[in-house]
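# Geometric and topological summary
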Amino acid sequence: MKENNKILQLINVAWRERWSDSQWGINIKKVLPRGVSGDVYNLADCLLQQAVIGSTANPLVLNYLKHSLCAHLVSHAAVLRCIAKYDKLARVYCVTALLEFLLSIIDGITCRIKSEETLLPSAMVQLVHWLMQIFARSVQQYEMRGDMSAEQSFMLEQSCKLLDHLTQQQFLMAMLYVGCHEEVDALERFRELYASIKASLTSSNLTLSSLAAEQQLKQLAYIDVKNLELQSLNPLPSAEKISCCVQPLLAVEVLLNPCKDTSYYVAELQMLQRLKGYSNTRLFYEIIRAGFLTLSNVADTSPDTMWGAFMFFKMPHIIKQLHALQRVPGEQPQPPTDYIPELVEALELLIEDNLLLDFMDHKCSCNIIEFLLNDWTKQQLVNDVHVKKFASQREAASLLLKKCDNGQQTPSNINFIKRAEVPLSGVLKTLCTNKVQDMVNVLCQVPVGNSFELILSVATVEGRLKTFVSRLIQCNENSKPIPGELGKLSVIRSTLFDVSFLMLTSIVQTYGSDVVLPERGDSFFEKWVRECMMERNKLKNPRQILALCDESIVDELLLSLSKPEAAQLKPLTWQDICLNLPGVLHHVLIAWEQETLSSADVKSILDNIKRRLFSYSVCATSFLCAYMYSVRETELLKPLNMIQQFLAPLTNEELSSQENAKERLALSYQIIRKMQHDVHPAPNTKSRLISHTPLIEQFRECWRTVAEAGHLPVKAAQSLESLLLAGGASWLVTQLVEQLIGCKYMRDMAKCMDIVFAVMHLDIERTTEALLQYVVAPMILRRQDEDINEPQSLVLARLCVYCIISCLETRSSASAAAAAAFKKRSRSHDEEELATTANAAKVRKVIGDGSDNSNDFADANSIAAAGTNVAALLSSAPSAAELRATPLTLKEPLQSSVKHIFRIFMQFVSGDELSPKAVFVYQFISLLVECGGGERVAPVLRLLPPLLMQQLLKVLATDDIRVGLISRLYDLRLQGGRQAAVADLCLWRNMQLARHSIHL
């Protein structure tokens, strides 16, 4: 109080003696203790009280207050708070003087010391509330009286000027935004005042001097982070005339996860839509174009049917869900229509791509647009009017193509895909019945030609694969032999067991047991798969398989198979035989090694196994493959030759002795070849994993194919997946980034980045970890003076951010358990690619010299592998909202990777000089905020080192960093987040003032 009294006395003396500003400055410093701010003694409050003590303001005392601000004796926050407390708004002259005073200082408002930072946000809230009260009182008086004095009109004019200055100052708007998070009820007060002002303006027809004043008041009342400037580094959608991101991403996802629920693809595409800023029209166009592009270069049967099924069965549901999810919550639903307007607009864009559509018409031997849209009319995606319109636009081109073909073109699988839906429904319906003969008749027709593959493709993309498998298992269980049943009924039942067992085994080989079978199924087939079946990446211990055998049954089987005409086999179930065949083969192998059995004897036993049921040869091969993993290389030839004997063709007489034997035999051959190839690929196999060509050359050849195509062909995606398995994530990501930064033109760089981003979804978690931990930092440090500069650094930063966001959203808590359960994924490969990393480590090359006494068997060098493996990962997918929900905390390895890159960033900005490294840090953080939209990347932003942004501000001496970036970096709901934001904002403000030489 003692100092306060001295200050008041000094003000009175200064006013009486009419001191100049400099005299006031000299004398006030004698009163204030050295190094102590005038805020401690309410200097600003004392001066302001004296300045507006009468009906008019005292300009001399206001000058003293302004001088105290310039001399840093008082803070801006204290002055603003004191002005905002002035409640005698009826004193027009005083209020006008205060408004003019604020206009004179508003362009220089900042914080000089740490203690002021905590006061400025709340001071800004109070000032805005005071200003809006002036507006409200003025317009209400005009509304009541219908007139306004010259003084009041001038005051309102000054209020509009101050409002304009305030909204133009991004620093002040940012402080107000922070302050509204500190005082949670402030926005409610602002909006009440704004509503009152708007109502009065409307009823009184008052026109403010500034036409933008009402909009500016609304901006203050509904202040949002969108009002704060953020320099955009992500390219606008309009800048990308042709996008290369949707097709590669869908190519990878359909390759890895064709069984996924529609919501999985919807969530993936929504993530891409947010990153790219696409409208629904653009997104739908890119999705359909991606389907046609991929189908245009698919040659292999399996990807052809899978992509065709995806295009015709899955894509319509994806488009419908994307359209439904665009509805704003609370918005009035649109009246139902028989088409989606955005899809029609997308088709109008697509119809202009004559080259692509001509190629598809030629490949599919039809007007592909008409063929596609005829089905979409049933799902109310388009209507008949649109079908006729688009079909007519393509009619002339289609007729010309037909004339050029001269009727010589073979039908495409695309024409049969739609027809496969009806057989699938028929098969599922038949499997629900208990009519054994009907089930046999239907199932034995399925493996004919490529019908089985077509049906599986349709079942996969429609989400009916698990239903198909469960009904096949039930059918297999119901086919157990009935005691006393003989003759034709017994044969039919054995055929049903055989064909259902073979189909189930083929499906498990294609998709993986983790995907299609429940964890603890108790059926015979599920137990056999768990304990006996050899799967890729799931080795079986041959000793454990032999432990399941019953020695008495093994002896009987051995006797029966050795001398079938003399032995009397006791009645055994087919299930018992399947489980005990490993014991028989083990005895045969030992006897053959010890030369107790000749090659002819072994051949006879194996032929007898195959003649009974073809599923027996599959069970036998499974054990032999497991056995081959447990023996030395010198002991591999005999089991290999035994497997080859199961692949030997049957005579016509043997085939005619069983019903539908040809189809079942072909399916068993396919299964056996896959099992054999997984264990021991033939030396002449052209597998990309088992190759003498260096990995780097294989990668360059594959990437050359991608560059020439301009998109990601399915075969190239398969090759890149194999390279990921063989070379590891770090190696592949390094090669991809080298290709990216090697581009010379911006257009090529943007296209390359989109494809690289999609390729990294082969395993987004591992590749993102490799990118952040092992690739980015060393590459920037090693090559910053070469080609890691603009624009390469910006594209590299964008790739990092895209991968973090995709990895973050993909691994939500709702799907983490499912992802962990299905960590091992089956993948689609062509005929030449069936080995995986686990198998590649155990590949043994057997080069036979013909010296063995196995002249009745094929040499190991001649053993070939064949078959096609369709990729899939089937799981019960959550909804799109659940799948893409942002977790509160990051999961490993993403969390450790982000922490690592942020530690590297601290080293990058630790110096005092501007460098490409510091620019990369800015680009990374800015893109993370811009692309992530704040809330979605909040778990990542929480890991930012406390001083990173301040150090970056000091190093980056440019105007690139805006207040919008700083305000979005921190969680303003927390006190720590607000303090960090205000500290960074004040540093930014002071640097801006110093840079532009603004002196108060």
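Residues numbered from 1 in each chain as written. Predicted model: local features only at pLDDT ≥ 70, side-chain atom pairs only at ≥ 80, totals over all residues. Heavy atoms only, no water.

## Some points on the overall build of the protein chain
- In terms of helices and strands, the protein chain carries 51 helices and 0 strands.
- Excluding contacts between residues fewer than 6 apart, the proportion of contacts in the protein chain whose partners are at least 24 apart in sequence is 81%.
- Of the roughly 42300 Å² of accessible surface on the protein chain, a fraction of 52% belongs to carbon and sulfur atoms. (Helix = DSSP H or I, 4+ residues; strand = E, 2+ residues; numbered from the N terminus. Contact = heavy atoms within 4.5 Å. Areas by Shrake-Rupley, 256 points an atom, 1.4 Å probe, with all protein chains shown as cover.)

## Some details on the packing of aromatic side chains
- Counting across every chain of the model gives 22 aromatic pairs.
- Judged by centre distance (5.5 Å) and plane angle (85 degrees), the rings of F501 and F525 are edge-to-face. Taken together, the positions of F501 in helix 26 (residues 488-511) and F525 in helix 28 (residues 524-531) put the pair 24 residues apart, joining distant regions of the chain.
- A relative accessible area of 0% means that F525 is categorised as buried.
- Judged by centre distance (6.0 Å) and plane angle (75 degrees), the rings of F905 and F920 are edge-to-face. (Phe/Tyr/Trp six-rings, centres within 6.5 Å; stacked < 30°, edge-to-face > 60°. Buried < 20%, exposed > 50% of the residue type's maximum accessible area, 1.4 Å probe, protein only.)

## A word on unusual backbone geometry
- Each neighbour pair has its own omega, and for E892 with P893 the value is 5 degrees, a cis peptide bond.
- One can find P893 in the loop between helix 45 (880-883) and helix 46 (894-908).
- You will see that R18, though not glycine, has its phi angle at about 55 degrees, which is positive.
- When you line up the elements, R18 lands in the loop between helix 1 (2-17) and helix 2 (21-31).
- A positive phi angle, close to 60 degrees, is found at N205, a residue other than glycine.
- Tracing the backbone shows N205 in the loop between helix 11 (186-204) and helix 12 (213-221).

## Describing the pattern of salt bridges
- Across all of its chains, the model carries 21 salt bridges by this definition.
- D754 is paired through a salt bridge with K276; the nearest N and O atoms lie 2.8 Å apart. Residue D754 is found in helix 40 (residues 746-759), and its partner K276 is found in helix 14 (residues 262-276); the two are separated by 478 residues along the sequence.
- Linking E477 and K480 is a salt bridge whose minimum nitrogen-to-oxygen distance equals 3.5 Å.
- Three or more residues are tied together by salt bridges with common partners; here these are R282, E286, R289 and D353. (Salt bridge = Lys/Arg side-chain N within 4 Å of Asp/Glu carboxyl O.)

## Comments concerning the side chain of T505
- Mapping T505 onto the fold places it in helix 26.
- Assessed through its relative accessible area of 0%, T505 is described here as buried.
- Excluding residues within four positions of it along the chain, T505 makes contact with F525, W528, M533, V618, I671 and M675.

## Quick word on the environment of K85
- By the secondary structure assignment, K85 is in the loop between helix 5 (76-84) and helix 6 (92-105).
- In this structure, the C-alpha to C-alpha distance between K85 and W130, residues 45 residues apart in sequence, is 7.8 Å.

## Structural notes on the packing of helix 13 (residues 246-256) against helix 14
- Axis separation between helix 13 and helix 14 bottoms out at 11 Å; the angle between their running directions is 155 degrees. When the interaxial angle is binned, helix 13 and helix 14 end up roughly antiparallel. At the point where helix 13 passes helix 14, the crossing takes the right-handed sense. Contact residues: V246, L249, L250, E253 and V254 in helix 13; Y264, Y265, E268, L269 and L272 in helix 14. (Axes fitted to C-alpha atoms, helices over the stretch in contact; angles between N-to-C directions. Parallel < 35°, antiparallel > 145°, perpendicular 65-115°, else oblique. Left-handed = near helix turned anticlockwise from the far one by under 90°.)

## Describing the packing of helix 8 (residues 120-145) against helix 9 (residues 150-168)
- The contact between helix 8 and helix 9 brings their axes to 11 Å, and the two run at 145 degrees. Helix 8 and helix 9 meet at a crossing whose hand is left-handed. Only Q152, M155, L156, S159, C160, L162, L163 and L166 of helix 9 make contact with helix 8, whose side of the interface consists of M124, V128, L131, I134, F135, S138, Q141 and R145.
- Here the residues of the contact of helix 8 with helix 9 are counted per class, giving 11 nonpolar, 4 polar and 1 charged. (Nonpolar A, V, L, I, M, F, W, Y, C, P; charged D, E, K, R; others polar.)

## A look at helix 40
- With 14 residues, helix 40 should reach 20 Å at 1.5 Å per residue; the first-to-last C-alpha distance of 20 Å fits that figure.
- When we look at burial in helix 40, the residues that qualify are M749, C752, M753, D754, I755, V756, F757, A758 and V759. (Expected span 1.5 Å × (residues − 1).)

## Describing the state of the cysteines
- What the rule picks out here adds up to 0 disulfides.
- Residue C82 stays outside any disulfide, its sulfur separated by 8.7 Å from that of C46, the closest cysteine. (Disulfide = S-S within 2.5 Å.)

## A few points about the nonpolar core
- By size, the foremost hydrophobic cluster in this structure holds 341 residues, and its most contacted members are W130, I288, F292, F468 and F924.
- Per-element tally for this core: the top contributor is helix 8, with 14 residues.
- Non-local contacts of I288, meaning those with residues more than four positions away in its chain, are made with M311, M315, I319, L343, L347, L350, L372 and W376. (Core = buried A, V, L, I, M, F, W, Y, C linked by side-chain atoms within 4.5 Å.)

Honestly, it's all geometry; don't read function into it.
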